[in-house]
Amino acid sequence: MLDLGEIRKNIDGIDRQLVSLFEERMRLTSQVAEYKIETGKKVLDPERERQKLEAIKSLVEKEDNKHPIADLFSQIMANSRKGQYMLLEKMGQTLREPYEAVDEIKKEGAKVVYQGVAGAYAYAAMLDYFGEDVDNFNVPTWKDAMEAVKEGKADYAVLPIENSTTGSITAVYDLLQEYNNYIVAEVYVKVEHVLMGLKGTDLSKVTTVYSHAQGLTQCESFLESHKDWQQISQPNTAVAAKKIFEDKDNSHVAIASKEAAKLYGLEILKTDIADEANNTTRFVIVSKTRTFVKNAKKTSIVFECVNEPGSLYNLLSHIIYNGLNMTKIESRPIEGRQWEFRFFVDIEGNINDQRVMNALRGIEEESRSIRLLGNY
Ligand SMILES: C=C(O[C@@H]1C=C(C(=O)O)C=C[C@H]1O)C(=O)O
């Protein structure tokens, strides 16, 4: 009968040796880092790593151990690189481009662009962030809003990035990649649909309800109890509200935001009519300048990795290794390279946080490309 306790004691002895050898190896790789700091040589040396893995595989006696030993040494080398990036960042050898750190994003006198019409949810997000008196204008598309910021016609654009029920707004992610604009803030707007009509509207005499198709779908249960109402969709909810105001027919009602009701002087006939009580959209405030608030808590990046096994896993390992919390990952196809993707990632932390610096450094060194999208 084998003695489990005895076997485990032997394993413990071997592990002690492995740990001490590992630490000795890490000390040597720190010296390599010092050499690299002096000479400007890159941390990752793929050829050396390839040769190392081949050499290590040839050392094993048992064929079955070839794969596990290569796996183990890949991890050891990846960790030695992470340690080296940490040293490089600590020594001030950062690759990060400079940015302007401010106490607050400047709102006074700012010109703001949003997509849609007054009373739409982007409009509500803008008022929420910049205040009721904001100098603003609107454009037909999200791309127009990005363009207005790029050309300096607006200081900031307000763009929806994700909805709690329907998910990411992928077209906006693509625009963040296409334009060199930065995310400087975010705003969460609860999409609260209300029923509105002309002052004194009698619900029992209503014949027609206008809204955006999404608005009608999102209030399905409420509309079930008004089956006799004809449902007519409009380009967006604010246009539906405007229609009620212009048509002056008190048998017509609209489903839109509270802001739209206020803007067109309509009476709110019923609140909270959406099926999903916590329907929220997250908007980002985008600027042409690299200006981030000092107390920013979230870092957004976009990177591309090479198309080979484990490459995404390896890049994400920089986030895990530095103990950071990843709050979002979104993949989007890369134009002109079929079935290759770029990844948009949000992590908790300020870009001056040592752990964030280390992780971004590692991803920067080992990805095909990386761009900082914002810190807010
Ligand atoms: C330690 C070095 O840096 C990196 C890590 C390696 C390792 O841990 O063996 C090997 C090559 C480099 O990618 C080195 O260049 O020797």
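The structure displayed is predicted, hence computed values, not measured ones.

Caption draft 1: Molecular detail of the UniProt feature "domain: ACT" (unreviewed entry) in the protein. Look at the UniProt record and you will see "domain: ACT" (unreviewed entry) annotated at residues 300-376. Along residues 300-376, the helical share is 31% and the strand share 36%, with 9 Å between the first and last C-alpha atoms.

Caption draft 2: Spatial organisation of helix α3 (residues 66-90). With 25 residues, α3 ought to run about 36 Å at 1.5 Å a step, and its terminal C-alpha atoms sit 36 Å apart, in line with that. Taken together, the buried positions of α3 are occupied by Arg-81, Gln-84, Tyr-85, Met-86, Leu-88 and Glu-89. Against α1 (4-39) and α12 (354-366) lie the buried residues of α3. Positive phi appears at Gly-92, one or two residues downstream of α3, with a value of about 80°.

Caption draft 3: Highlighting the site of the ligand. Around the ligand sit Thr-29, Val-32, Val-43, Leu-44, Asp-45, Arg-48, Glu-49, Lys-52, Met-77, Ser-80 and Arg-81, and those are all the residues in its vicinity. For the shell around the ligand, the secondary-structure elements that each account for two or more residues are α1, α2 (46-59) and α3. Its residues placed into classes, the shell around the ligand shows 4 nonpolar, 2 polar and 5 charged.

Caption draft 4: The arrangement of the sheet that holds strand β8 (residues 208-211) in detail. Pairing within the open sheet is mixed, and its 5 strands lie in the order β9-β8-β10-β7-β11. With partners counted over all chains shown, the strands left at the sheet margins are β9 (230-233) and β11 (267-270), one partner each. Across the sheet, the mean angle from the axis of one strand to that of its neighbour is 35°, orientation sign disregarded. Its contacts with the sheet place helix α9 (residues 237-247) against β7 (194-197), β8 and β10 (252-256), and it is angled at close to 155° to β10.

Caption draft 5: Spotlight on the packing of helix α5 (residues 142-150) against helix α6 (residues 170-178). Across the interface, α5 lies against α6 with an axial gap of 10 Å and an inter-helix angle of 25°. Considering their axes alone, α5 and α6 lie roughly parallel with respect to each other. Judged by the twist between their axes, the crossing of α5 over α6 is right-handed. Contacts between α5 and α6 involve Trp-142, Lys-143 and Met-146 from the first element and Ala-171, Val-172 and Leu-175 from the second. Tallied by class, the residues present in the contact of α5 with α6 amount to 5 nonpolar, no polar and 1 charged.

Caption draft 6: Local environment of the nonpolar core. By size, the foremost hydrophobic cluster in this structure holds 73 residues, and its most contacted members are Ala-157, Val-158, Leu-159, Met-196, Ala-241 and Ala-254. At 8 residues, helix α4 (residues 121-130) tops the list of elements feeding residues into this core. The residues contacting Ala-254, other than those within four sequence positions of it, are Met-196, Val-209, Tyr-210, Ser-211, Ala-240, Ala-241, Lys-243 and Ile-244. Counting residues in hydrophobic clusters, the runner-up holds 5 residues, among them Ala-33, Val-43, Tyr-85 and Met-86.

Caption draft 7: Inspection of the UniProt feature "domain: Prephenate dehydratase" (unreviewed entry) in the protein at higher detail. Following the UniProt record, one finds the feature "domain: Prephenate dehydratase" (unreviewed entry) at residues 111-288. Note that residues 111-288 is 31% helix and 33% strand, and that its end C-alpha atoms are spaced 13 Å apart.

Caption draft 8: Layout of the domain arrangement of the protein. The domain architecture assigned to the protein consists of domain 1 (13-90), domain 2 (103-189), domain 3 (194-270) and domain 4 (296-376). Here the C-alpha centre of domain 2 lies 46 Å away from the C-alpha centre of domain 1.

Caption draft 9: Layout of the confidence of the model for the protein. The pLDDT averaged across the protein works out to 95; a share of 100% of its residues lies at or above 70. Under the prediction, the complex receives an ipTM of 0.97, its pTM being 0.87.

Caption draft 10: Representation of α2 in the model. Over its 14 residues, α2 runs 20 Å from end to end, which matches the ideal 20 Å to within 8%, given 1.5 Å per residue. Counting buried residues along α2, only 0 of its 14 residues qualify, which leaves the element largely exposed.

Caption draft 11: Region of the structure containing unusual backbone geometry. For Lys-248, which is not glycine, the phi torsion reads 55° and is therefore positive. In this model, Asp-272 sits at a positive phi of 50°, which is unusual for a non-glycine residue. Mapped onto the secondary structure, Asp-272 falls in the loop between β11 and β12 (280-287).

Here is what the cut-offs are and how they apply
Residues numbered from 1 in each chain as written. Predicted model: local features only at pLDDT ≥ 70, side-chain atom pairs only at ≥ 80, totals over all residues. UniProt positions renumbered as here; feature names shortened; annotations may be inferred. Helix = DSSP H or I, 4+ residues; strand = E, 2+ residues; numbered from the N terminus. Expected span 1.5 Å × (residues − 1). Buried ≥ 20, exposed ≤ 12 C-beta atoms within 10 Å, placed from the backbone. Contact = placed C-beta atoms within 7 Å. Near = placed C-beta within 6 Å. Nonpolar A, V, L, I, M, F, W, Y, C, P; charged D, E, K, R; others polar. Pairing = 2+ DSSP bridges. Axes fitted to C-alpha atoms, helices over the stretch in contact; angles between N-to-C directions. Parallel < 35°, antiparallel > 145°, perpendicular 65-115°, else oblique. Left-handed = near helix turned anticlockwise from the far one by under 90°. Core = buried A, V, L, I, M, F, W, Y, C linked by C-beta atoms within 7 Å. Domains from an automatic or database assignment. pLDDT = per-residue confidence, 0-100.

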